[in-house]
Amino acid sequence: MKAFLILEDGNVFMGKSIGSTREIISEIVFNTSMTGYLEILTDPSYAGQSVVMTYPLIGNYGICYEDMESTKPWVGGYIVKELARHPSNFRSESSIEEFLKEKDIPGMAGIDTRALTKILREKGTMNGMITINGNFNLQEVVEKLKNHHSTNTVNLVTCKEKKTILSEDYKLTEAEKARRGLKVHPYKTGKFKTALLDLGSKNNIAACLLKRGCDVTVYPAFTKAEEIIGDNPDGIMLSNGPGDPKEYADIIKEVKKLYDSNIPIFAICLGHQLMALASGGNTRKMKYGHRGANHPVKDLKTGRVYISTQNHGYVVEDISDSIAEPSFINANDRTIEGLHYLGKNIITVQFHPEACSGPQDTEFLFNEFMQMMEVSK
């Protein structure tokens, strides 16, 4: 069955429909990862977006449900050059096409993803429609795309109620331990109580805390700071999530209270951006963002460069050097990738140190967070 991708600038791509046949309008973004497609599909940060994979063959190792970063996929649509229909992997439980159909995710295969990516790089991220209806009126569709806006996507992806996960109850299969390359950490089970503000958190953020012996209490995104502080956590984790950080004025107010609490804080991605806004900094939308598992970030303290997984369309800028100093920068475009807040036990990063599947070069930041809690306990 034919499918069409119509872009906001009037470009039209024709390919083959994969997955659901429903029509979808969303922001179109590209990801340069060679692997980790299931983690991408189930990453809540992609809510409101359709993802183009630049790597030409996707799906060759199938679907293993244990690898999902959330209980469901969040992407609007999925676009690939070539879809592997017969995966080869002893862990595979399904094909990616079956997964897309099961989860009602529309997609396309067989289009020139390099040409599409070049358009998005040159003109910037834009809205698009995936449809199987070939009788569309281009002018009407383009007008609809220009007027489309995804807002308040954190509301969609955050948990609905508070829950606590005890480290002593956190069990992993031997296969999962091997896959994640887990090491024994010198922390006792239940030694630290960590609050995780769920802005669209990936499962592996909680896993990185649990495997280090933290009891993790997960809070919905709009929880009042007084409730979190009142539960007396040893540390606070602000998660990743979707959307424009400036939309979440109510959350920013609560993050400012957490900033003032002097409780150790570690923030990732959207959490990093919200902390910057709460402390007087600014954010801006990038032309096409950073999305992939091969982004180099430079540690300004040591000069060492790490390879990181990233997924963001906004970046922090214009934060006072009396409030925070950059700790990491992007080695390609020099944008801020991490901040250390002066006089505070707060570290934040734009990239994903918990990335799975993806490079785990920077997972040591969770150990730094543990040390922050150790000193403050």
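### Quick word on the pairing of strand β12 (residues 214–220)
- Where burial is concerned, most of β12 is hidden: seven out of the seven residues are buried.
- Where burial is concerned, the two faces of β12 agree: the one with C214, V216, V218 and P220 and the one with D215, T217 and Y219 are both buried.
- Sheet topology note: the strand β10 (residues 163–165)/β12 ladder contains three bridges and is antiparallel. Looking across to β12, one finds that K163 is bridged to V218.
- As paired strands, strand β11 (residues 192–198) and β12 are joined by seven bridges and run parallel to one another.

### Description of the sheet that holds strand β1 (residues 2–7)
- Spatially, seven strands are ordered β1-β2-β8-β6-β4-β3-β9 in a closed barrel, and the strand pairing comes out mixed. Direction aside, neighbouring strands of the sheet carry axes that sit 35° apart on average.
- With five bridges connecting them, β1 and strand β2 (residues 12–19) associate as antiparallel partners. By the bridge assignment for β2, A3 is matched with G15.
- Each of β1, β2, β3 (24–31), β4 (49–53), β6 (77–79) and β9 (126–131) is contacted by helix α3 (residues 113–123), which is oriented at about 95° to β3, the strand it contacts most.

### Considerations on the packing of aromatic side chains
- The final tally for this structure, using the stated rule, is nine aromatic pairs.
- Considering the side-chain rings of F328 and F351, the 5.2 Å spacing of their centres and the 80° angle between planes classify their relative orientation as edge-to-face. Of this pair, F328 sits in strand β17 (residues 324–330) while F351 sits in the loop between β19 (346–349) and α11 (364–376), and the two are 23 residues apart along the sequence.
- In this structure an aromatic cluster arises from ring pairing among F266, F366 and F369.
- Cation over ring: K72 sits above W74, and NZ or CZ is 4.6 Å from the ring centre.
- The ring centre of Y259 lies 4.6 Å from the NZ or CZ of K344, which sits over that ring.

### Considerations on helix α4 (residues 138–146)
- For α4, the complete set of buried residues consists of V141, V142 and L145. Taken around the axis of α4, the buried residues stretch over an arc of 100°, which confines them to a single face. Within α4, the exposed residues directed more than 90 degrees away from the buried face are Q139 and E140.
- Taken together, the buried residues of α4 touch β1, β3 and β9.
- Sitting at the head of α4, N137 places a side-chain oxygen 3.2 Å from the backbone nitrogen of Q139.

### Regarding unusual backbone geometry
- In the segment running from C356 into S357, the intervening peptide bond is cis, with an omega of 0°.
- Considering the arrangement of structural elements, one finds S357 in the loop between β19 and α11.
- Unlike most non-glycine residues, C269 shows phi in positive territory, near 60°.
- In this structure, C269 sits in the loop between β14 (265–268) and α10 (270–278).

### Topic: the side chain of D215
- Structurally, D215 is set in strand β12.
- Buried charge D215 goes without a salt bridge, the closest partner of opposite sign being K193 at 8.2 Å.
- At 2.8 Å, the side chain of D215 and the backbone nitrogen of S167 are in polar contact.
- Among all residues touching D215, those that are not within four sequence positions of it are I165, L166, S167, G190, F192, K193 and T194.

### A short note on the nonpolar core
- With 32 residues, the main nonpolar core has I236, L238, I251, L274, M275, L339 and Y341 as its most contacted residues.
- Elements supplying a minimum of two residues to this core: β11, α8 (225–230), β13 (235–238), α9 (249–260), β14, α10 and β18 (336–341).
- With six residues, α10 is the single largest residue contributor to this core.
- Ignoring sequence-local partners within four residues, the contact set of L274 consists of L199, P245, Y248, I251, I252 and V255.
- The next biggest cluster of nonpolar side chains, apart from the first, holds 27 residues, and it includes L196, C208, L210 and V349.

Quick notes on the rules
- Residues numbered from 1 in each chain as written.
- Predicted model: local features only at pLDDT ≥ 70, side-chain atom pairs only at ≥ 80, totals over all residues.
- Heavy atoms only, no water.
- Buried < 20%, exposed > 50% of the residue type's maximum accessible area, 1.4 Å probe, protein only.
- Helix = DSSP H or I, 4+ residues; strand = E, 2+ residues; numbered from the N terminus.
- Pairing = 2+ DSSP bridges.
- Axes fitted to C-alpha atoms, helices over the stretch in contact; angles between N-to-C directions.
- Contact = heavy atoms within 4.5 Å.
- Phe/Tyr/Trp six-rings, centres within 6.5 Å; stacked < 30°, edge-to-face > 60°.
- Lys NZ or Arg CZ within 6 Å of the ring centre and 35° of its normal.
- Arc of directions from axis to C-beta.
- Polar contact = N/O pair within 3.5 Å; in protein donor to acceptor, adjacent residues only side chain to side chain.
- Lys, Arg positive; Asp, Glu negative; His and termini not counted.
- Salt bridge = Lys/Arg side-chain N within 4 Å of Asp/Glu carboxyl O.
- Core = buried A, V, L, I, M, F, W, Y, C linked by side-chain atoms within 4.5 Å.

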